[in-house]
Amino acid sequence: QVQLVESGGGLVQAWGSLRVSCAASGSRFSMYAMGWYRQAPGKQRESVATITSGGTTHYADSVKGRFTISRDNAKNTLYLQMSSLKPEDTAVYYCTAWSGQYQYWGQGTQVTVSS
């Protein structure tokens, strides 16, 4: 069982930067693949960035070159550094962890980018 708690969301101006974090509790954090998803009002939840247990990353085309996902296994924490933010990045950002048939989600943190 893994519990995920996101933090760091907020209001930022366009072209600004923000870092969101996801603190995980439970064992074996380093063995989970993890990722960030987001959901804007009226839209489906979409994958933003993922990172495997070995550190391989993948990004949605819409955030490549602007967002960086990373993990600190010693701190059981996942990060998403966001830069050059656009109004269309406004969404609730969710942290997720999965391994085999198990997948866990955090409660989300709101990121709002003003133009």
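Use the structure listed above.
Being a predicted model, the structure only gives us computed values, none of them experimental. (Residues numbered from 1 in each chain as written. Predicted model: local features only at pLDDT ≥ 70, side-chain atom pairs only at ≥ 80, totals over all residues. Heavy atoms only, no water.)

> Explain the packing of aromatic side chains to me, please; I cannot follow it from the model alone.
To describe a pair of aromatic rings, one takes the distance between the centres and the angle between the planes. Counted according to the given criterion, the structure contains two aromatic pairs. Ring centres of Tyr 32 and Tyr 104 lie 6.1 Å apart, and the angle between their planes is 70°; this geometry places the pair in the edge-to-face category. Of this pair, Tyr 32 sits in the loop between strand 3 (18–25) and strand 4 (33–39) while Tyr 104 sits in strand 10 (residues 102–105), and the two are 72 residues apart along the sequence. Residue classification places Tyr 32 among the buried residues on the basis of a relative accessible area of 11%. A relative accessible area of 13% means that Tyr 104 is categorised as buried. (Phe/Tyr/Trp six-rings, centres within 6.5 Å; stacked < 30°, edge-to-face > 60°. Helix = DSSP H or I, 4+ residues; strand = E, 2+ residues; numbered from the N terminus. Buried < 20%, exposed > 50% of the residue type's maximum accessible area, 1.4 Å probe, protein only.)

> It is not clear to me how unusual backbone geometry should be interpreted in this structure. Could you clarify?
In this structure, Trp 15 takes a positive phi of about 75° despite not being glycine. Inspection of the secondary structure assignment puts Trp 15 in the loop between strand 2 (10–13) and strand 3. Among the residues examined, Trp 15 registers a relative accessible area of 66% and is labelled exposed.

> Please explain the pattern of salt bridges as it appears in this structure.
Oppositely charged side chains may form a pair once their charged atoms are brought near each other. Using the criterion set out here, one finds four salt bridges in the structure. For Lys 64, the salt bridge identified is with Asp 61, shortest N-O distance 3.2 Å. In this structure, Lys 64 and Asp 61 share a single accessibility class: exposed. The closest approach of N and O atoms between Asp 89 and Arg 66, which form a salt bridge, is 2.8 Å. (Salt bridge = Lys/Arg side-chain N within 4 Å of Asp/Glu carboxyl O.)

> What is the right way to look at the side chain of Arg 71 in this model?
Tracing the sequence through the fold places Arg 71 in strand 7 (residues 67–72). Among the polar contacts made by the side chain of Arg 71, one reaches the main-chain carbonyl oxygen of Phe 29 at a distance of 2.9 Å. Polar side-chain contacts of Arg 71 include one of 3.0 Å to the side chain of Asn 73. Setting aside its immediate chain neighbours within four residues, Arg 71 contacts Phe 29, Ser 30, Tyr 32, Ala 33, Met 34, Ile 51, Thr 52, Ser 53, Thr 77 and Leu 78. (Polar contact = N/O pair within 3.5 Å; in protein donor to acceptor, adjacent residues only side chain to side chain. Contact = heavy atoms within 4.5 Å.)

> Explain the sheet that holds strand 1 (residues 3–7) to me, please; I cannot follow it from the model alone.
Strand pairing in a sheet takes place through backbone hydrogen bonds and is either antiparallel or parallel in direction. Pairing in this open sheet of four strands is antiparallel, and the strands run 1-3-8-7 from one edge to the other. Two strands close off the open sheet at either side, each with one partner strand: strand 1 and strand 7. Along the sheet, successive strands turn relative to each other by an average axial angle of 15°, direction set aside. Pairing of strand 7 with strand 8 (residues 77–82) involves six bridges; the strand directions are antiparallel. Considered in strand 8, the bridge of Arg 71 is made with Leu 78. (Pairing = 2+ DSSP bridges. Axes fitted to C-alpha atoms, helices over the stretch in contact; angles between N-to-C directions.)

> Is there a simple way to think about the environment of Asp 89 in this case?
Within the secondary structure layout, Asp 89 lies in the loop between strand 8 and strand 9 (91–99). On the basis of relative accessibility, which here comes to 1%, the residue Asp 89 falls in the buried class. Along the sequence, Asp 89 and Arg 38 sit 51 residues apart, while their C-alpha atoms lie 8.6 Å from each other. At a separation of 2.9 Å, a polar atom in the side chain of Asp 89 contacts the side chain of Arg 38. Only 2.8 Å separates the side chain of Asp 89 from the side chain of Arg 66, close enough to count as a polar contact.

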